[in-house]
Amino acid sequence: MDIITARNLVKEYNGLRAVNGINFSVHRQECFGILGPNGAGKTSTVRMMFGFSPITAGELHVLGLDVTHHAREIKARLGIVPQENNLDLDLKVLQNLLVYASFFNIPEREARARALEHLEFFGLSDKLDAKVDHLSGGMKRRLTIARALINNPEIVILDEPTTGLDPQARHTVWQRLRHLRSRGVTIILTTHYLEEAAQLCDRLIIMDHGDILDEGTPGELLERHVGAEVLEIGQGAAAADNLTKQFHNDIRGHLEVGDNLVLYPLNGRELLSRLQNLPQQFDHYLLRPATLEDVFLKLTGRGLKE
Amino acid sequence: MSNTLRMDISPRVFKVFRRHLTVYRRNWKVSLSFNFFEPLLYLAAMGYGLGVYVQAIEGLTFIQFLAPALIASSAMFSSSYECTYGTFIRMEFQKTFQAMVATPVSMDEVSLGEILWGSFKSFLYGSVILFVILVLGLVASPWALLVPGVLLVSGLLFASLSMIWIGLFPNIDSFNYYFSLVITPLFLFSGVFFPLSGLPAIAQTLAWASPLLHVVNLTRGLVLGNVGMHLVWDFVWLVVVAAVLMPIAIHLMRRLVIR
């Protein structure tokens, strides 16, 4: 069953279109990714889900409820991790969760039990009385996620959860999110890290300039647009026309990225050896597994010659 | 668009108020002592210092005349600071409002919570001054017991006025202008330091529009036991203006935050 559905969803700010009539749905208990560069419309899309941005046109249902008329009921069942840390700087770590719990009308005793449990889960048990400002970036993020879980939400929405974190802190957050998903929580995640999307998401949409370019599982997206491998040819862009003509039966597509040429081979190893036997030699050859980054480059055309 | 003027308020507004109270409980001693220090300086410098050179006003010594009005001005300043700088810092720099509206709390409840909190500070700081002048023997009548109620209403009014300013000029530098163009003139020309009866008729008419004038009339009347229908009208004036300003403030804040 779909837990979120958007139909022709539009968001405009003072006449500027941030979200351009998109359609998507999120299944219960999956990790759903919204992938795109800055300014793609990811944040606007998730903000509409919890009523922080009123929708301009179209329909958006969360948990079967219309967001325009049922914001309060919806918010009671969501956990929100915003892009900017907005922990309460005037309160200490444990108090942050207790006060937040009070906004959900959770009784104090229950709130305290849950808060201690979540702080334990996020490795913050020895920081109960610490000032929020004194926490590291990774700890603040974990605390923000712990806060979002205080109402036992059915859906957790994370807007760029690991932006600005060092790799180790990022992996800690990923690990916790995987654990959450295994407990049956639906997770919605915006990110511009392709690795993050590949690591966590069951299904994702790729957005750019307010539009959805494609959607599917990471595997489907790779298969549809790129294939299993890519072959990078250093300084190969100048010879792109010749090469793609010569090998058009051996590749399913190509892309010029700056000075480099990226080929999507049917059989990478074989193509590589044939290229290396050509009279014309190139700067370097790199045969590697395809990633979502390749899909993204292909879809947005970023890196193409202007 | 049709429902932009309808307020979305539930008892959750008291959760917002309680959040402010929780924060305040951590530093109330420092905050309270600083806030009543300033009116005390006025009382000492103006009342005891300047007062020696001032002839009796309406049959009162200058300090008897001034002290009850300082309850009113102190209440005005406390809610005005709270709901300009305090509110703006929570909204713009700490993103506290954004965190609250991600919960079942509505933006209207966040704004009303701010107004109630500003009103509470007026009540608190005004009452502290009332207590001080009681100790100094400057309270003449048990009617003074009604002063805290007046402070709550005046707090609602000045908190709303401050947040309307934020809604119109959402910039921390603009608050300087709010204090120099609005609050300070009110402080100087609302009968705190001298009776308005000496001013030209036009100035007296203008002063009638000053909320602080009505608060001063009430605190002075109640503290000195000079009560009558005129005080009822001052109170009605405050209630009506506060009731008009509050929804405007809530509407402007919603327009500012929810986009």
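Each residue is numbered by its place in its chain's sequence as written, counting from 1. In the order they appear in the text, chains get letters beginning with A and ligands get numbers beginning with 1. Two thresholds apply to this predicted model, a pLDDT of at least 70 for residue-level local features and 80 or more for giving and counting side-chain atom pairs, whereas whole-chain, interface and lining totals are computed over all residues.

Caption draft 1: Fine view of the overall build of chain A. To qualify as a helix, a DSSP run of H or I must reach at least 4 residues; to qualify as a strand, a run of E must reach at least 2; elements of each kind are numbered from the N terminus. Scanning chain A from terminus to terminus reveals eleven helices and 14 strands. Projected onto the principal axes, the alpha-carbon positions of chain A cover approximately 75 × 45 × 35 Å. Backbone-placed C-beta atoms define the burial measure: a residue is buried with 20 or more other C-beta atoms within 10 Å of its own, exposed with 12 or fewer, and partly exposed in between. Burial analysis of chain A (306 residues in total) assigns 42% to the buried set.

Caption draft 2: The arrangement of the overall build of chain B in detail. Secondary structure summary: chain B contains nine helices and zero strands in total. Going from the N terminus to the C terminus, chain B shows its helices and strands as α-α-α-α-α-α-α-α-α. This radius of gyration counts C-alpha atoms alone. The globule rule is 2.2 Å times how many residues there are, raised to the power 0.38. Against the 2.2 N^0.38 benchmark of 18 Å for 259 residues, chain B shows a C-alpha radius of gyration of 19 Å, consistent with a compact globule. If one aligns the C-alpha atoms of chain B with their principal axes, the spans along those axes are about 60 × 40 × 35 Å. Across the 259 residues of chain B, 46% fall into the buried class.

Caption draft 3: View of the sheet that holds strand S6 (residues 78–81) of chain A. All names here are of chain A. One open sheet holds the six strands; their spatial order is S6-S7-S8-S3-S9-S10, and the pairing between them is mixed. A single partner strand is all that each edge strand has here, and the edge strands are S6 and strand S10 (211–216). Ignoring strand direction, the axes of neighbouring strands in this sheet form an average angle of 15 degrees. Examined bridge by bridge, strand S7 (residues 155–159) and strand S8 (residues 186–191) share five bridges and lie parallel to one another. Across the sheet, the residue bridging to Val-156 is Ile-187, located in S8. Only strands joined by at least two bridges in the DSSP assignment are considered to pair. Inter-axis angles, ranging from 0 to 180 degrees, are taken between N-to-C directions of lines fitted to C-alpha atoms, where helices are fitted over the stretch in contact.

Caption draft 4: Here's a closer look at the pairing of S10 of chain A. Looking at chain direction, strand S9 (residues 203–208) of chain A and S10 of chain A are connected through five bridges and run antiparallel. Across the sheet, residue Met-207 of chain A finds its bridge partner in S10 of chain A, namely Ile-212 of chain A.

Caption draft 5: Structural view of the environment of Ala-209 of chain B. Residue and element names in this part refer to chain B. Relative to the assigned elements, Ala-209 resides in the loop between helix H7 (201–207) and helix H8 (211–224). Look at Ala-209 and you get exposed, because 11 C-beta atoms sit within 10 Å. On a C-alpha basis, the gap between Ala-209 and Trp-237 in space is 9.6 Å, while along the polypeptide they are 28 residues apart.

Caption draft 6: Main features of helix H1 (residues 13–49) of chain B. How far a helix is expected to stretch is found by multiplying one less than its residue total by 1.5 Å. Taking 1.5 Å per residue as the helical rise, H1 of chain B with its 37 residues ought to reach 54 Å, whereas the 45 Å between its terminal C-alpha atoms falls clearly short. Here the bend at a residue is taken as the angle between two axes, fitted respectively to the seven residues that end there and the seven that start there. The largest bend in H1 of chain B comes to about 75 degrees, at Asn-27 of chain B. Val-13, Lys-15, Val-16, Arg-19, His-20, Phe-36, Pro-39, Leu-43 and Gly-47 of chain B are the residues of H1 of chain B that are buried. By definition, residues are in contact whenever their C-beta atoms, placed on the basis of the backbone, come within 7 Å of each other. Structurally, H1 of chain B contributes buried residues whose contacts are with helix H3 (93–102) of chain A together with helix H2 (62–93), helix H3 (96–101) and helix H4 (107–135) of chain B.

Caption draft 7: The interface of chain A and chain B, seen in detail. Of the residues lining the interface, 22 residues belong to chain A; the matching set on chain B comes to 20 residues. Secondary structure elements with two or more residues in the side of chain A that touches chain B: helix H2 (71–76) and H3 of chain A. A per-element tally of the side of chain A that touches chain B places H3 of chain A first, with four residues. Here the residues of the side of chain A that touches chain B sort into 13 nonpolar, four polar and five charged. Residues are sorted three ways: Asp, Glu, Lys and Arg are charged, Ala, Val, Leu, Ile, Met, Phe, Trp, Tyr, Cys and Pro are nonpolar, and all the rest, Gly among them, are polar.

Caption draft 8: Fine view of unusual backbone geometry. Residues and elements named next belong to chain A. Positive phi values are uncommon outside glycine, yet Asn-8 reaches one of about 50 degrees. The topology assignment puts Asn-8 in strand S1 (residues 2–13). Despite not being glycine, Gln-29 has its phi angle at roughly 70 degrees, a positive value. Its place among the elements puts Gln-29 in the loop between strand S2 (16–27) and strand S3 (31–35). Gln-29 gets classed as partly exposed once you count the C-beta atoms within 10 Å, which come to 17.

In short, the description is geometric, and any link to function would need to be established separately.
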